[in-house]
Amino acid sequence: MTLTFPLAPEPEPFAKERGRLLFAGPVDFVKGVTAMVNLPPPDRLEVCFAGRSNVGKSSLINALTNRKNLARASNTPGRTQEINYFALGEEKYLVDLPGYGYAEAPKAIVEKWQRLLKQFLQGRQTLRRAFVLIDTRHGAKEVDEEIMNLLNKSAVTFQVVMTKSDKVNGATRAANLAQVQETLKKHPAAYPEIVMTSSEEGLGIETLRAIIANMT
């Protein structure tokens, strides 16, 4: 059977409400981590967000949590190399991975980040799902497929979230969605639904909240 990777459906009312309640509750920055030994105790389910630089990851996290400055975009090398942990109450961790695809970053920094990312993905037993963010304006690029391949090898289920959907017209959005759907057919760890989002217009935010809140 060939998967078609449709857009995620509108969540059921109870699922939507559970998502609203989770993200309306306390959301606190826990710590930024640059080494596996400093990770928080694995005492709850985790989801992580990964995406190349300028994909709108910080804006999406801020929209999800309804907080303007929870996740801050930064061009400073130190900040971009941290795995940032946020607590959703006492129920789950939301993990913000450093943006990948920095052409300007020194090679040594990139290699260090890649090692940390690989160790995290392969060694975190409480990680339930990775959300891989793809810019709707551009579709999936080679650097996105590299992270997908790493997730395949690490046996971590990942779900594509397409960002900035409000920045393109309907024809471009449909074409790039089709390109992403075709790309995902090559990746066995891909979850069989895509979430289309716009942080500015709120599209897909309730759906993504519901997905995370109802994950067990």
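Refer to the preceding data block for the structure.
Residues numbered from 1 in each chain as written. Predicted model: local features only at pLDDT ≥ 70, side-chain atom pairs only at ≥ 80, totals over all residues. Heavy atoms only, no water.

Chemist: Describe in detail unusual backbone geometry, supporting the description with residues and values.
Modeler: One non-glycine residue, Phe5, adopts positive backbone phi at about 55°. Counting through the fold element by element, Phe5 comes out in the segment before helix H1 (13-24). With phi around 55°, Ala155 is a residue other than glycine that occupies positive phi space. With respect to the helices and strands, the residue Ala155 is situated in the loop between helix H5 (142-154) and strand E6 (158-163). (Helix = DSSP H or I, 4+ residues; strand = E, 2+ residues; numbered from the N terminus.)

Chemist: Any details on the nonpolar core? Residues and values, ideally.
Modeler: Ranked by internal contacts, the top residues of the largest apolar core, which has 37 residues, are Phe120, Phe158, Val160 and Leu184. Here this core takes five residues from helix H4 (residues 107-123), the largest share from any one element. Once residues lying within four places of it in the same chain are set aside, the contact partners of Leu184 are Phe5, Met148, Phe158, Val160, Ala190 and Ile194. Val55, Ala63, Leu133 and Ala213 belong to the second largest nonpolar core, which has 27 residues in total. (Core = buried A, V, L, I, M, F, W, Y, C linked by side-chain atoms within 4.5 Å. Buried < 20%, exposed > 50% of the residue type's maximum accessible area, 1.4 Å probe, protein only. Contact = heavy atoms within 4.5 Å.)

Chemist: Describe helix H7 (residues 205-213), listing the residues and the values that go with them.
Modeler: Within H7, eight of the nine residues are buried, which leaves it mostly tucked inside the rest of the structure. Turning to H7, its buried residues number three or more, namely Ile205, Thr207, Leu208, Arg209, Ala210, Ile211, Ile212 and Ala213.

Chemist: Residues and numbers for the packing of aromatic side chains, please.
Modeler: How two aromatic rings sit relative to each other is set out by the distance from centre to centre and by the angle between their planes. If you walk through the whole model with that rule in mind, you get three aromatic pairs. With 5.2 Å between their ring centres and 85° between their planes, Tyr85 and Tyr93 make a pair best called edge-to-face. Among the residues examined, Tyr85 registers a relative accessible area of 0% and is labelled buried. Owing to a relative accessible area of 5%, Tyr93 belongs among the buried residues under this scheme. Directly above the ring of Tyr93 sits Arg44, whose terminal nitrogen or CZ lies 4.3 Å from the centroid. The ring of Tyr191 has Arg129 sitting right over it, with the charged end atom 4.0 Å from the ring centre. (Phe/Tyr/Trp six-rings, centres within 6.5 Å; stacked < 30°, edge-to-face > 60°. Lys NZ or Arg CZ within 6 Å of the ring centre and 35° of its normal.)

Chemist: Could you give an account of the packing of H4 against H5, naming the residues involved and the relevant values?
Modeler: It is the contact of H4 with H5, at a shortest axis distance of 9 Å, that shows an interaxial angle of 40°. Seen along the crossing, H4 lies across H5 with a hand that is right-handed. Together, Leu117, Lys118, Leu121 and Gln122 of H4 and Ile147, Leu150, Leu151 and Ser154 of H5 make up the contact between the two elements. (Axes fitted to C-alpha atoms, helices over the stretch in contact; angles between N-to-C directions. Left-handed = near helix turned anticlockwise from the far one by under 90°.)

Chemist: Describe the side chain of Lys92, naming the residues involved and giving the relevant values.
Modeler: As for its position among the elements, Lys92 is in strand E4 (residues 92-96). Among the residues examined, Lys92 registers a relative accessible area of 3% and is labelled buried. A distance of 2.8 Å separates a polar atom in the side chain of Lys92 from a polar atom in the side chain of Glu91. With sequence-adjacent residues up to four places away left out, Lys92 is seen in contact with Leu22, Arg44, Leu45, Phe86, Ala87, Ile212, Ala213 and Met215. (Polar contact = N/O pair within 3.5 Å; in protein donor to acceptor, adjacent residues only side chain to side chain.)

Chemist: So what about the environment of Asp144? Which residues, and what values?
Modeler: Residue position: Asp144 is located in helix H5. Here the alpha-carbon distance between Asp144 and Ala50, two residues 94 residues apart in the chain, equals 9.4 Å. When neighbours within four sequence positions are excluded, Asp144 is seen to be in contact with Arg52, Tyr100, Leu133, Ile134 and Gly139.

Chemist: Any details on H1? Residues and values, ideally.
Modeler: Over its twelve residues, H1 extends 16 Å from the first C-alpha to the last, a length consistent with the 16 Å expected when each residue adds 1.5 Å. Residues of H1 that are buried in the fold lie against strand E1 (27-33), helix H2 (57-65), strand E3 (83-88), E4 and H7. (Expected span 1.5 Å × (residues − 1).)

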